[in-house]
Amino acid sequence: MKKLITHAYVITVDEAFTIIHDGAVCYENDRILEVGDTADLTAKYPDAAITDAAGKALMPGLINTHLHSGLIRGTAEDLPVWEWIALHVDPKHRVLQPDDAYIAARVCYSESLLAGTTTVVDMYRYMHRCADAVAETGIRAILTPYVGDRVGYEYFESVDDNEKLYLERHGDADGRINVWFGMEHIVYTSLESFRRVARLAEKYDTGIHTHGEESIQMVNMIRAKYGCAPIQEFFNRGILGPKTLIAHCCWITPYEIEILRSTGASIAHCPVSNMKLASGICPVPAALEAGVAVGLGSDGVKENNNLDIFEEMKFAALLQKIGSLNARAMPAEDVIRIATSIGARAIGMQDELGSLEAGKKADMVLLNLDKPHMSPVLFGKYENVVPNIVYSANGADVHTVIVNGETRVENHQLINVDMEEMLGQYQRHTEALIARREPFIPDHVSIEDVIV
């Protein structure tokens, strides 16, 4: 049955960034049929089921290009990134169990949907259980397991585990699950595994996701160990290409940006996490100007501490402005693009996602405009809805979320999710995980402890 959303402020995020003040979108099954004026589409589709979206903005679903599902939100605070990893994160991974991964993913995907994110790139553990959570919540996900096999990190997933996940779950959940190859980090994963992943990704025509550098200390250590910059080392290991997504990239040089551009690799920019961990600033405007696709990422709940991409949009803009002392850096339209259309290009899905256009997937978000912090709504010379979405909106303003043509959030509520039961499980699993982790927390760490 055809469905029609009418009387919305439609932000298409097409190439021209077309905005329709009294706009409508008609969709059927999982595809958008047409975008246009409400009067035209209601006349053309008289039998469509209508949703009146007066007082709301309609925009493409947000894309989170770097997420770690997790359970230890608010327990690993106020530390530099390398110390934070050694004291809190890696000991947690040593004791993580498959059911922990499932409940973590279930909560994180639910949180994402409620805040208007329709697609996530999740790097986590035991991702066959994360795939179960994708199927249940209705989100769209790229699953990229943590792979680590260097001495001391063998408790992470193996390349064999990753290949098995691809063979069993890629294309599952009505096509909403994509499986990529994911490697934790240069210092966690052997050269042999990098090269094998490059071969397998080519064999299966799928993507690769890994961490670029966050801290300047780690950049310097990698330069000392390998004799080159981190992005150059990725190139040397054979993983860079049009289906490669590198998270963070806080300290990349113009030379490294050129490597990314020439190979077609993309960046997942995580401004809140990078600020919180005092990591650095990814040079997003320079990367975009060079033609590198940059998407927005929340990173995980342990380092953000939420998964609100609307919040991420605001901080992405502010971080570039203060970092460059240039108030014109990262205007609001550009920020919305990296959260949607350019983010879709960063994950190789620009033909399917990221804008409201005929033929694309029906992944859409309705956002309330009738709230004090979103008022006034102005048109003409001082039209302000787009800047207000970037600088004023937050995930709590999301009214409706549609993924693959199916409504997953309606009137700010998840459909078919027992929130009390889910959060109760989350509480119990977190408490048990923290207790199991305690014997593995080191008394003292230095940055050399994380270099293999």
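The present account deals with the structure reproduced in this document. (Residues numbered from 1 in each chain as written. Predicted model: local features only at pLDDT ≥ 70, side-chain atom pairs only at ≥ 80, totals over all residues. Heavy atoms only, no water.)

## Comments concerning the packing of helix α2 (residues 81–95) against helix α16 (residues 419–437)
The criterion, for reference: Axis definition: a line fitted to C-alpha atoms, limited for helices to the stretch in contact. Angles are taken between N-to-C directions and run from 0 to 180 degrees. A run of H or I in DSSP counts as a helix once it spans at least four residues, and a run of E counts as a strand once it spans at least two, with each numbered from the N terminus. Angle categories: roughly parallel below 35 degrees, roughly antiparallel above 145, roughly perpendicular from 65 to 115, and oblique for all the rest. Whether two residues are in contact is decided by their heavy atoms: any pair within 4.5 Å suffices.
Where α2 contacts α16, the axes come no closer than 9 Å and their chain directions differ by 100 degrees. Considering the angle they form, α2 stands roughly perpendicular to α16. Here H88, P91, K92 and V95 of α2 come into contact with α16, specifically with L433, R436 and R437.

## Some points on the environment of A24
So the rule is basically this: Accessibility here uses a 1.4 Å probe with only protein chains present; expressed as a share of the type maximum, an area under 20% marks a residue as buried, one over 50% as exposed, and anything in between as partly exposed.
Here A24 lies in strand β2 (residues 19–28). The exposure class of A24 is buried, given its relative accessible area of 0%. Between the alpha carbons of A24 and A198 there is a distance of 43 Å; along the sequence they are 174 residues apart. Residues in contact with A24, not counting those within four places in the same chain, are L4, I5, T6, V10, E34, V35, G36, D37, T38 and L41.

## Some words on the pairing of strand β1 (residues 2–11)
Our working rule: For two strands to be treated as a pair, DSSP must find no fewer than two bridges joining them.
The buried fraction of β1 is high, at 7 of 10 residues. As paired elements, β1 and strand β4 (residues 49–52) share 4 bridges and run parallel to each other. Of the residues in β4, the one forming a bridge with T6 is D52. As paired strands, β1 and strand β5 (residues 56–60) are joined by 2 bridges and run parallel to one another. The partner of Y9 across the bridge, within β5, is A57.

## Focus: the side chain of S193
Within the element layout of this structure, S193 appears in helix α6 (residues 191–204). Taking the relative accessible area as the measure of exposure, S193 reaches 8% and is therefore buried.

## Focus: the pattern of salt bridges
Selection criterion: Here, a salt bridge means any side-chain nitrogen of Lys or Arg that lies within 4 Å of a carboxyl oxygen of Asp or Glu.
Tallied over the entire structure, the rule returns 26 salt bridges. Across the salt bridge formed by D363 and R140, the nearest N and O atoms sit 2.9 Å from each other. With D363 in the loop between α14 (341–346) and β15 (364–368) and R140 in strand β8 (residues 140–143), the pair connects residues that are 223 residues apart, well separated along the chain. R140 shares its class with D363; the two are buried. Salt bridges here are not isolated pairs; linked through shared partners, they connect D99, R129, D132, R169 and D172.

## Details of the environment of R196
For clarity, the threshold we go by: Nitrogen and oxygen atoms within 3.5 Å of one another constitute a polar contact, given that in protein one can donate a hydrogen and the other can accept it, and given that sequence-neighbouring residues count only through two side-chain atoms.
Secondary-structure assignment places R196 in helix α6. When the C-alpha atoms of R196 and V159 are compared, they prove to be 7.9 Å apart, with 37 residues separating the residues in sequence. At 2.6 Å, the side chain of R196 and the side chain of D160 are in polar contact.

That is the geometry; function is a separate question.
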